[in-house]
Amino acid sequence: SPTEPSADGDGTAGDLTGDFGFFQPVNLGNLVWHDQNGDGLVGGGEPGIPDVIVELYLATQTPGVDSPVATDVTDPNGLYNFDDLSPGQYVVYIPVVPPAIPASSPALVTDTDDNGQDNDDNGSQPGGTGTPVTSPVITLQAGTEQGGDGDGSNGDLTVDFGFYTPVRVGDLVWNDLDGDGVQ
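### So, the overall build of the protein chain
At step 1: For the protein chain, the helix and strand inventory stands at zero helices and 10 strands.
At step 2: Counted from the first residue to the last, the protein chain has its helices and strands arranged as β-β-β-β-β-β-β-β-β-β.
At step 3: Sequence separation of at least 24 residues holds for 65% of the intrachain contacts in the protein chain that already meet a minimum separation of 6.

Right under this line is the structure:
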């Protein structure tokens, strides 16, 4: 009505404060695999690991403490995916590692940057073998994501996690008093 005060600052009667914002959804995901040779790279014949729980957190949250934004379980090929996300910063977290393959790929070969490189290990396992694994912070923004990973420029399908089974070497050190090399 003409007598309605203008609270929106445009000097006219009416209400022009009903705003709507839209964004291009983004996605994040990819592979949890058995890194049989422990080199941190997906190699020929190295299979994906099915049935691994994968959680997604905002970078401002504490994985394993706060409630995840989303949860997925790897498919029979070891693949996971989080769809329809808002642009922003995220962390991928594996709360329970595969019991038969409990170690994240060695730290010397783990890629701890969000560099968009596919088929390399992105998991950090600071608590040691058998403990949860966390990705680096992944920044997602529509139209700027790595091309060539199968999902266009609105997603990142390069966040991979390799697991291997550690082995042990050892035996006995003794004082060979008689020098014959036999215990």
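That shown, we press on.
### Topic: the nonpolar core
At step 1: Within the largest apolar cluster, 21 residues are counted, with the highest numbers of intra-cluster contacts made by Leu-28, Val-32, Phe-161 and Phe-163.
At step 2: Counting only elements with at least two residues in this core, the list comes to strand E1 (26–34), strand E2 (53–58), strand E4 (79–85), strand E5 (88–94), strand E8 (138–140) and strand E10 (161–164).

### Details of unusual backbone geometry
At step 1: Within the chain, Asn-30 stands out as a residue other than glycine whose phi angle is a positive 155 degrees.
At step 2: Tracing the sequence through the fold places Asn-30 in strand E1.
At step 3: The backbone of Asn-119 sits at a positive phi, close to 65 degrees, despite the residue not being glycine.
At step 4: Inspection of the secondary structure puts Asn-119 in the loop between strand E6 (103–104) and strand E7 (133–134).

### Considering the packing of aromatic side chains
At step 1: Per the stated rule, a full pass over the model turns up three aromatic pairs.
At step 2: When the centroid spacing of 6.4 Å and the interplanar angle of 45 degrees are considered together, the rings of Tyr-80 and Phe-161 count as tilted. Taken together, the residues span a long stretch of sequence, with Tyr-80 in strand E4 and Phe-161 in strand E10 at a distance of 81 residues.
At step 3: In textbook terms, an aromatic cluster arises when at least three aromatic residues are bridged by ring pairs, as seen for Tyr-80, Phe-82 and Phe-161.

### Digging into the side chain of Asp-160
At step 1: Topologically, Asp-160 is positioned in the loop between strand E9 (155–156) and E10.
At step 2: At 2.7 Å, the side chain of Asp-160 and the backbone nitrogen of Asn-119 are in polar contact.
At step 3: In this view, Asp-160 contacts Asn-30, Leu-31, Trp-33, Asp-118, Asn-119, Asp-120, Asp-121, Asn-122 and Gly-123; residues no more than four positions away in its chain are not counted.

### Brief notes about the environment of Asn-30
At step 1: Classification of Asn-30 as buried rests on a relative accessible area of 13%.
At step 2: Considering only alpha carbons, one finds Asn-30 and Gly-78, 48 residues apart in sequence, at a separation of 8.0 Å.
At step 3: Setting aside anything within four residues of it in sequence, one finds Asn-30 in contact with Gly-78, Leu-79, Tyr-80, Asp-118, Leu-157, Thr-158, Val-159 and Asp-160.
At step 4: Here the side chain of Asn-30 touches Asp-118 through a polar contact of 3.3 Å, side chain to side chain.

### Brief notes about the side chain of Asn-27
At step 1: With respect to the secondary-structure elements, Asn-27 resides in strand E1.
At step 2: Judged by relative accessible area, Asn-27 falls into the buried class, the value being 11%.
At step 3: In terms of polar contacts, Asn-27 uses its side chain to reach the side chain of Asn-81, at 3.3 Å.

Cut-offs and rules
- Residues numbered from 1 in each chain as written.
- Predicted model: local features only at pLDDT ≥ 70, side-chain atom pairs only at ≥ 80, totals over all residues.
- Heavy atoms only, no water.
- Helix = DSSP H or I, 4+ residues; strand = E, 2+ residues; numbered from the N terminus.
- Contact = heavy atoms within 4.5 Å.
- Core = buried A, V, L, I, M, F, W, Y, C linked by side-chain atoms within 4.5 Å.
- Buried < 20%, exposed > 50% of the residue type's maximum accessible area, 1.4 Å probe, protein only.
- Phe/Tyr/Trp six-rings, centres within 6.5 Å; stacked < 30°, edge-to-face > 60°.
- Polar contact = N/O pair within 3.5 Å; in protein donor to acceptor, adjacent residues only side chain to side chain.

These results come straight from atomic positions and should not be treated as a statement about function.
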